[in-house]
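Working through the structure, step by step
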Amino acid sequence: MPVPWFLLSLALGRSPGVLPLERLIGPQNTAHCSPGLSCHLWDGDVLCLPGTIEPPPGPVLVPTRLQTELVLRCYHETDCDLCVRVDVHLAVHGHWAKPEDEEEFGGASDPEPREPSNASLQSQVVLSFQAYPTARCVLLEVQVPASLVRSGQSVGSVVFDCFEAALGGEVQIWSYTQPRYQKELNFTQKLPDCRGLEVRDSIQSCWAALPWLNLSADGDNMRLVLDVSEEQRFSLSLYWDQVQGPPKPRWQRNMTGPQNFTLNHTELVPCLCIQVWPMEPDAIRTNLCPFREDPRAHRNLWRATRLQLLPPLSWRIDAPCSLPAEAALCWRVPGGGPCQPLVPPLPRENITVNKAFGFPLLKGHPNLCVQVSSWEKLQLEECLWADSLGPLKDDMLLVETRGPQDNRSLCALEPSGCTPLPSRASTRAARLGEQLLGDLQSGQCEQLWDDGLGVLWACPMDKYIHKRWALVWLACLLFAAMLLLLFLLKKDHVKEWLQLLKENVRSGAAARVRRALLLYSADNAGFERLASVLASVLCQLPLRVTVDLWSRRELSAQGPLAWFHAQRRQTLQEGGVVVLLFSPGAVALCREWLQDGASAPRAQAPHDAFAASLSCVLPDFLQGRAPGRYLGACFDRLLHPDAVPSLFRTVPIFSLPTQLPDFLEALQGPGAPRPGRLREGTEHVSQALQKALDGCFPLPGVPGPRCRMGPGAGDLT
């Protein structure tokens, strides 16, 4: 038994839940007004000439709102037509003109404009009615007594009976005065068909028996069942309802009696509609579009959508239905990865299906692609020149930006962003920056786009790839030749060396060298000297230590925050550890961060990365990711471990040099050397730290040399 996917039962006949409509007897048009007003309907229709807007000479009567109501105009009891009743609400607009003698002699005026006695208002109101294929206009004369003439006051309404209209259509109604004193009012009225009215016995075009339509799923197909009596003849049509342009018919069939049709589920799209009508002259056609909100139909629409390249530099999106989408250009490089939007971004365009669009380009390139997005979700991506220009090229896209006074800047579009040229970054474009600039100046790069403010260049990179691999192969061959020569000359020595290497591997070979990132606050020159000594002695152990003191140039070029973020990520990715060296100044910065997390504290010095690093360190502690990745340390003479904020005490805090052995063991991790070697390293580090402490922070009353303090640095003792 098939599992139903979509079930729709539509009764295209009588709808008993709809109340009967009011009946108007006779073919004459009439007009009537609210109490207190008088109105008159001109005989026959008038020309629909709204004219231009004129300033009111004084108080005038203008329409303010339109209301409609559906009624039946009946010539006999069973011979009626659908009719639209229009109710026009009116109000007074403008003031009486100021007397000329007051303007001339500057006399005082009343708080409110004086109105002539017994001054009634008369206005001519035009109603315009348009419904394909007819259009007509009628003129209503309305008079308001003086007692109701107040500026801005609503005076009532005038009702016109009525405009005849066809079932299932749409009408446009306008209202304005003659002459015009304001913009005309506009109202759109959609008219129901025979399904939405309890008028089947009154409108002869609804007398024909309408069919029952049933849609159900049978496996992967959609079954459409049309229940028609054997003596009735009907037509069924499937079409695509287009927002831009007329509907596109799919197929049409004439039938008698019950009929079954099978639709493939892949053919269902949101704009697929069904039209049914009896095969009689001037028959009313009933239209149904049941798939507009169906998710599966929307997925089918995107599967059926295609991007097409039109020579020389145009493109078009072909789709059965209209699409709420945008299109933009992007740059794709070989080897995968997302397609990168062009910088500066070229303008995104709203899509009109089945319409050609031009590229703002000078020349095509296989790496240029078109992205189509809907509601910020990528739906289509096509590299349109791949067929005509070949596969993707390993070209570098250079973006030239032109500023005022003919200032130019260049950057290379890479997965990490647009790298300025020249640059000291470690990216591919930065390493080849000088060569790329030379290729651009020598005309080896291809210009793709130029709008006066920026230019896009595509520079080939094939020659640099070939040159790099040639050097690699040459180096490998040279190294292999040297190893072979060494083996032939010193066979015995090579055997001894291999045996020694085997023993070192068994003993761990001092295992692997672990990476450590040391962070500290440069409170003063003495503490900075102490941190430098600690980093230097740790480097003599199987550790690779990174500290900002040794990377001043790189730190100045990138900025403290960017430098620390890159070092922290690299350290943790390699299984290393971040060491927080706490001092009184560092504790103060941490407390300031924790008390006011909305803004980071300002760094104390241009090269002090500790304050900048807190923005990346704190999330690890707050989210519980710090254990196993961070260690804390402080010096006995300067800070007690309990003074460290409790948030940072979730990782071990070591007091140096008292807890130096435990600190070194935790610092080197699971691959620590044998206890004998670790004890030797501990003694060496302890002596160096004690000497630095005695020199920079001697105990009170103990004479000794002191470190040179920086200007304005405070004493921490």
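Note that the structure is a prediction, hence the values are computed from the model and not measured. (Residues numbered from 1 in each chain as written. Predicted model: local features only at pLDDT ≥ 70, side-chain atom pairs only at ≥ 80, totals over all residues. Heavy atoms only, no water.)

**Focus on the state of the cysteines**
Short version of the rule: Whenever a pair of cysteine sulfur atoms sits within 2.5 Å, that pair is classed as a disulfide. Relative accessible area decides the class of each residue, using a 1.4 Å probe on protein chains only: under 20% of the type maximum gives buried, over 50% gives exposed, and in between gives partly exposed.
Applying the stated rule across the entire model yields 10 disulfides. Here C330 is linked by a disulfide to C339, with a sulfur-sulfur distance of 2.1 Å. The S-S bond linking C330 to C339 shows a torsion near 95°; that makes this disulfide right-handed. Of the two residues, C330 and C339, both sit in the buried class.

**Section: the nonpolar core**
Defined as follows: Buried Ala, Val, Leu, Ile, Met, Phe, Trp, Tyr and Cys residues form a nonpolar core when they are joined through side-chain atoms within 4.5 Å. Going along the chain from the N terminus, every DSSP run of H or I of four or more residues is numbered as a helix, and every run of E of two or more is numbered as a strand. Contacts are residue-level and defined by heavy atoms, with any inter-residue pair within 4.5 Å sufficient.
Residues W315, I317, F359 and V372 are the most contacted members of the largest nonpolar core, which totals 52 residues. The greatest single-element share of this core, amounting to four residues, is contributed by strand β14 (residues 233-240). Sequence-distant contacts of I317, that is, excluding residues within four places in its chain, are made with T305, R306, L307, L323, I351, T352, V353, N354, K355, V372 and L380. Ranked by size, the runner-up nonpolar core spans 37 residues in total, among them L66, C74, V88 and V138.

**Side note on the packing of aromatic side chains**
Quick note on the threshold: Classification of ring pairs uses Phe, Tyr and Trp, with its six-membered ring standing for Trp, and accepts pairs whose centres are within 6.5 Å; under 30 degrees between planes counts as stacked, over 60 as edge-to-face, and the remaining range as tilted.
Within the structure shown, the criterion is met by eight aromatic pairs. Ring geometry for F129 and F163: centres 4.5 Å apart, planes at 10°, overall stacked. With F129 in strand β7 (residues 121-131) and F163 in strand β9 (residues 154-164), this residue pair connects regions lying 34 residues apart in the sequence. Neither F129 nor F163 differs from the other in exposure class; each is buried. Between F654 and F663, the ring centres sit 5.8 Å apart and the planes meet at 65°, which makes this aromatic pair edge-to-face.

**Topic: the confidence of the model for the protein chain**
Spelled out, the test is: Scored between 0 and 100, pLDDT is the confidence that the predictor attaches to each residue.
Residue-level pLDDT values for the protein chain average 77, and 80% of them are 70 or greater. This stretch, residues 506-511, has a pLDDT under 50; its non-local contacts, to residues over four places away or in other chains, come to six contacts. Taken together, the stretch residues 708-717 has pLDDT below 50 and engages in 16 contacts with residues farther than four places along the chain or on a different chain.

**Focus on the sheet that holds strand β6 (residues 79-93)**
Sheet strands pair via backbone hydrogen bonds, and the direction of the pair is either parallel or antiparallel. What counts, and what does not: Pairing between strands is defined by DSSP: at least two bridges between the two strands are required. Interaxial angles span 0 to 180 degrees and are taken between N-to-C directions of axes, which are lines fitted to C-alpha atoms, for helices over the stretch in contact.
Spatially, the five strands line up as an open sheet ordered β2-β5-β6-β9-β3, and their pairing is mixed. The sheet terminates laterally at β2 (23-25) and β3 (30-33), the two strands that pair on one side only. For this sheet the average axis-to-axis angle between neighbouring strands, irrespective of direction, equals 35°. The pairing of β3 with β9 spans four bridges and is antiparallel.

**Let's talk about helix α10 (residues 560-573)**
Put simply, the rule is: Each helix should span, by expectation, one fewer than its residue count multiplied by 1.5 Å. What the arc describes is the spread of directions from the helix axis to the C-beta atoms.
Compared with the 20 Å implied by 1.5 Å per residue over 14 residues, the 20 Å span of α10 between its first and last C-alpha is a close match. Restricting attention to buried positions, one finds in α10 the residues W563, F564, Q567, R568, T571 and L572. Seen along its axis, α10 keeps its buried residues to an arc of 145°; they face one direction. The first or second residue beyond α10 is G575, which carries a positive phi of 80°.

**Quick word on the side chain of D395**
Under the convention used in this document: The convention is simple: Lys and Arg are positive, Asp and Glu are negative, and His and the chain ends are not counted. We count a salt bridge whenever a side-chain nitrogen from Lys or Arg sits within 4 Å of a carboxyl oxygen from Asp or Glu. The term polar contact refers here to a pair of N or O atoms within 3.5 Å; inside protein, the definition further demands a hydrogen-donor-capable atom paired with an acceptor-capable atom, and it admits residues adjacent in sequence only when both atoms are side-chain atoms.
Counting through the fold element by element, D395 comes out in strand β27 (residues 395-402). Notably, D395 is buried but unbridged: the nearest opposite-charge side chain belongs to K393, and the N-O separation is 5.1 Å. At 2.9 Å, the side chain of D395 forms a polar contact with the side chain of H365.

**Observations concerning the pattern of salt bridges**
Enumeration according to the criterion identifies 15 salt bridges in this entry. Of the charged contacts in the structure, one is a salt bridge between E184 and R180, with a shortest N-O distance of 2.8 Å. Residue classification places E184 among the partly exposed residues on the basis of a relative accessible area of 28%. D318 is the salt-bridge partner of R316, the closest N and O atoms lying 2.9 Å from each other. Taken together, the shared-partner salt bridges in this structure form one network comprising E22, E69, R85 and D161.

**Some remarks on the environment of W251**
Among the secondary structure elements, W251 is positioned in strand β15 (residues 248-256). In this structure W251 comes out as partly exposed when scored by relative accessible area, which is 25%. On a C-alpha basis, the gap between W251 and L238 in space is 5.6 Å, while along the polypeptide they are 13 residues apart.

**Observations concerning the sheet that holds strand β36 (residues 653-656)**
Read across the open sheet, the five strands follow the order β33-β32-β34-β35-β36; overall the sheet is parallel. Only two strands of the sheet have a single partner each, and these edge strands are β33 (543-546) and β36. Ignoring strand direction, the axes of neighbouring strands in this sheet form an average angle of 30°. Here four bridges tie strand β32 (residues 514-520) to β33, and the two strands are oriented parallel to one another. Note on β33: the bridge partner recorded for R514 is L543.

**Thoughts on the pairing of β14**
Of all eight residues that make up β14, seven are buried, and the element is covered over most of its length. For β14 and β15, the ladder comprises eight bridges, and the chain directions are antiparallel. Looking at the pairing, S237 lines up with Q252 of β15. Where β14 meets strand β17 (residues 272-278), seven bridges bridge the pair, whose relative direction is antiparallel. Of the residues in β17, the one forming a bridge with F234 is P278.

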